[in-house]
Amino acid sequence: MEAKVTMTLDGIFDLVLSVLAANGLSRDQAEAIADIVTRAEADACRSHGLYRVEGYVAGLRAGRVNPAAQPRVRQVRPALLQVDGDRGFAPFAANLARPHLIAAARENGIAAMAMTRTHHFSALWADIEPLVEAGLVAWCFVVGQCSVAPHGGSAPLMGTNPIGFGWPRPDGAPFIFDFATSAAARGEVELKRLAGEPIPAGWGIDADGRPTHDPAEALSGALLPFGGHKGSALSMMVELIAGPLIGELTSKQVATLGHRDDGPPPGGELFIVFDPAALDGSAPAAAEEFFLDAKAQPGLRLPSERRYAARARSHASGVDVPSGLLRRIKALMSSPSA
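Residues numbered from 1 in each chain as written. Predicted model: local features only at pLDDT ≥ 70, side-chain atom pairs only at ≥ 80, totals over all residues. Heavy atoms only, no water.

- For the protein, the name recorded in an unreviewed UniProt entry is LDH2 family malate/lactate/ureidoglycolate dehydrogenase, with Paracoccus pantotrophus as its organism.
- UniProt's Sequence similarities (unreviewed entry) comment on the protein is quoted here verbatim: "Belongs to the LDH2/MDH2 oxidoreductase family." (UniProt positions renumbered as here; feature names shortened; annotations may be inferred.)

Examining the overall build of the protein
Stage number 1. Secondary structure summary: the protein contains 13 helices and twelve strands in total.
Stage number 2. For 338 residues, the compact-globule formula gives about 20 Å, and the C-alpha radius of gyration of the protein, at 20 Å, lands near that figure.
Stage number 3. In terms of overall dimensions, the protein has a C-alpha envelope of 55 × 45 × 45 Å along the principal axes.
Stage number 4. The 338 residues of the protein split such that 51% are buried.
Stage number 5. Partitioning the contacts of the protein with sequence separation of at least 6, the portion at a separation of at least 24 is 67%.
Stage number 6. The positive charge centre, built from 31 side chains, and the negative charge centre, built from 36, are 4 Å apart in the protein. (Helix = DSSP H or I, 4+ residues; strand = E, 2+ residues; numbered from the N terminus. Rg over C-alpha atoms; globule rule 2.2 N^0.38 Å. Buried < 20%, exposed > 50% of the residue type's maximum accessible area, 1.4 Å probe, protein only. Contact = heavy atoms within 4.5 Å. Lys, Arg positive; Asp, Glu negative; His and termini not counted. Charge placed at Lys NZ, Arg CZ, Asp CG, Glu CD.)

Observations regarding the sheet that holds strand 9 (residues 211–212)
Strand pairing in a sheet is mediated by backbone hydrogen bonds. Such pairs are either parallel or antiparallel.
Stage number 1. Pairing is antiparallel across the open sheet formed by three strands, whose spatial order is 9-8-10. With partners counted over all chains shown, the strands left at the sheet margins are strand 9 and strand 10 (222–223), one partner each.
Stage number 2. Pairing of strand 8 (residues 204–205) with strand 9 involves two bridges; the strand directions are antiparallel. Within the sheet, the bridge partner assigned to isoleucine 205 lies in strand 9 and is proline 211. (Pairing = 2+ DSSP bridges.)

Observations concerning unusual backbone geometry
Stage number 1. Backbone geometry at arginine 87 places phi at a positive 65 degrees, although glycine is not the residue there.
Stage number 2. Relative to the helices and strands, arginine 87 resides in strand 3 (residues 80–89).
Stage number 3. Owing to a relative accessible area of 35%, arginine 87 belongs among the partly exposed residues under this scheme.
Stage number 4. For arginine 117, which is not glycine, the phi dihedral falls at a positive 55 degrees.
Stage number 5. By the element assignment, arginine 117 lies in strand 4 (residues 110–119).
Stage number 6. The class of arginine 117 is partly exposed, set by a relative accessible area of 35%.

Description of the pairing of strand 5 (residues 137–142)
For a regular strand, side chains alternate in direction, first toward one face of the sheet and then toward the other.
Stage number 1. Burial within strand 5 is extensive, with five of its six residues counted as buried.
Stage number 2. Pairing analysis gives six bridges linking strand 5 to strand 11 (residues 266–274), with the strands arranged antiparallel. Bridge pairing links phenylalanine 141 to leucine 270 in strand 11.
Stage number 3. Pairing geometry for strand 5 and strand 6 (residues 163–167), over four bridges, is antiparallel. Looking at the pairing, tryptophan 139 lines up with phenylalanine 165 of strand 6.

Description of the side chain of asparagine 161
Stage number 1. Summarising the element assignment, asparagine 161 is placed in the loop between strand 5 and strand 6.
Stage number 2. One polar contact links asparagine 161 to glutamate 239, side chain to side chain, over a distance of 3.2 Å.
Stage number 3. Once residues within four sequence positions are removed from consideration, asparagine 161 is found in contact with Val142, Val143, Gly144, Ala180, Thr181, Ser235, Val238 and Glu239. (Polar contact = N/O pair within 3.5 Å; in protein donor to acceptor, adjacent residues only side chain to side chain.)

Observations concerning the packing of helix 4 (residues 90–108) against helix 5 (residues 124–133)
Stage number 1. With their axes 11 Å apart at the nearest point, helix 4 and helix 5 run at an angle of 45 degrees to one another. Put simply, helix 4 runs oblique to helix 5. Remark: the crossing between helix 4 and helix 5 carries right-handed chirality. Contact residues: Arg98, Leu101 and Ile102 in helix 4; Asp127, Pro130 and Leu131 in helix 5.
Stage number 2. Of the residues in the contact of helix 4 with helix 5, the class split is four nonpolar, no polar and two charged. (Axes fitted to C-alpha atoms, helices over the stretch in contact; angles between N-to-C directions. Parallel < 35°, antiparallel > 145°, perpendicular 65-115°, else oblique. Left-handed = near helix turned anticlockwise from the far one by under 90°. Nonpolar A, V, L, I, M, F, W, Y, C, P; charged D, E, K, R; others polar.)

Thoughts on the nonpolar core
Grouped burial of nonpolar side chains is what soluble globular proteins tend to show.
Stage number 1. If you look at the biggest cluster of nonpolar residues, it comprises 59 residues, and the most contacted ones within it are Val16, Leu20, Leu50 and Val53.
Stage number 2. The greatest single-element share of this core, amounting to eight residues, is contributed by helix 4.
Stage number 3. For leucine 50, the residues in contact, after removing those within four places along its chain, are Ile12, Val16, Val37, Glu41, Val321, Leu325 and Ile329. (Core = buried A, V, L, I, M, F, W, Y, C linked by side-chain atoms within 4.5 Å.)

Thoughts on the packing of helix 2 (residues 27–42) against helix 4
In a packed pair of helices, the relevant descriptors are the angle between the two axes and the axis-to-axis distance.
Stage number 1. Running from N to C, helix 2 and helix 4 cross one another at 100 degrees; their axes reach a closest spacing of 8 Å. The angle between the axes of helix 2 and helix 4 places the two elements in the roughly perpendicular class. Facing Asp28, Gln29, Ala32, Ile33 and Ile36 of helix 2, the residues of helix 4 in contact are Pro91, Phe92 and Asn95.
Stage number 2. When its residues are assigned to classes, the contact of helix 2 with helix 4 shows five nonpolar, two polar and one charged.

A short note on the environment of valine 5
Stage number 1. In this structure, valine 5 sits in strand 1 (residues 4–7).
Stage number 2. For the pair valine 5 and alanine 316, spaced 311 residues apart in sequence, the C-alpha separation works out to 16 Å.

Focus: the pattern of salt bridges
Stage number 1. Following the criterion strictly, the structure yields 19 salt bridges and no others.
Stage number 2. Between aspartate 35 and arginine 39 there is a salt bridge; the shortest N-O distance is 3.6 Å. With aspartate 35 and arginine 39 both in helix 2 and four residues apart, the pair spans about one turn of that helix.
Stage number 3. One continuous salt-bridge network, built from bridges that share partners, spans Asp35, Arg39, Asp43, Glu129, Arg307 and Arg311. (Salt bridge = Lys/Arg side-chain N within 4 Å of Asp/Glu carboxyl O.)

Now the structure itself:
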């Protein structure tokens, strides 16, 4: 078993910040990425934590990502915002635009925000949590790397295409979930490959369309949607509303661009938020009975409860990081030719 190093959350943030700065990323973007990576590690979401740092750096070194991006926010309708990410990383653009989205939702009851020309690599729960903490109901959609075959198909056509949803709770932590519309996120399959572990049945097929337990074969073949034709339909929906609807490419179109650096793919992100006060300000409080009824069922765990418990442990005791991963990340401080 690989040795691990215990790090504080501040230590993780500072490490990521230093690595990204050493690779030319602007301070604002680097802080946004360091924050999102640290939050993922705190919540034990390893596939979106330090594991992603190599990909962020790869995107920078390939020249695809604008290290000095200056996103621009435009209000095209009272309840519709358009954000040009200037080819930078999505977290900084989202941070910059979020206050405008909240204000639009407060003013109009509902608002949407289309972010374009960004590179997205993070978990959607992290994108919508600040919106939910502001008292809004929120949805979020993003198109992922083209790696998923549709139900009944045998070749990649769609991204992992996650969906996020959040509901504010006045007397507890927000109800938030996100999940890939594939049976597993690509990052989960990558972690299985790195650990030398098989993947469960139903996660992927090889290049010839045959079911496989080998994560490397699934990554070179295709992942599968969850829930058969139902998950496949949801994945197609995300392709449309987080791609062409907001003026972005589908994952298949992005794949034809030929990027081979393992960094985040170019694309956009769609947010839809609703202010409960617009119809019935008591809605979040009234919904608590629903959550109490759910919790009364033995063995039931609400989405995000695992993350919140991990967050409390991480703030108290730090995070165990595989030593090999830590060495690879620290090595990124040097130039690729060093």
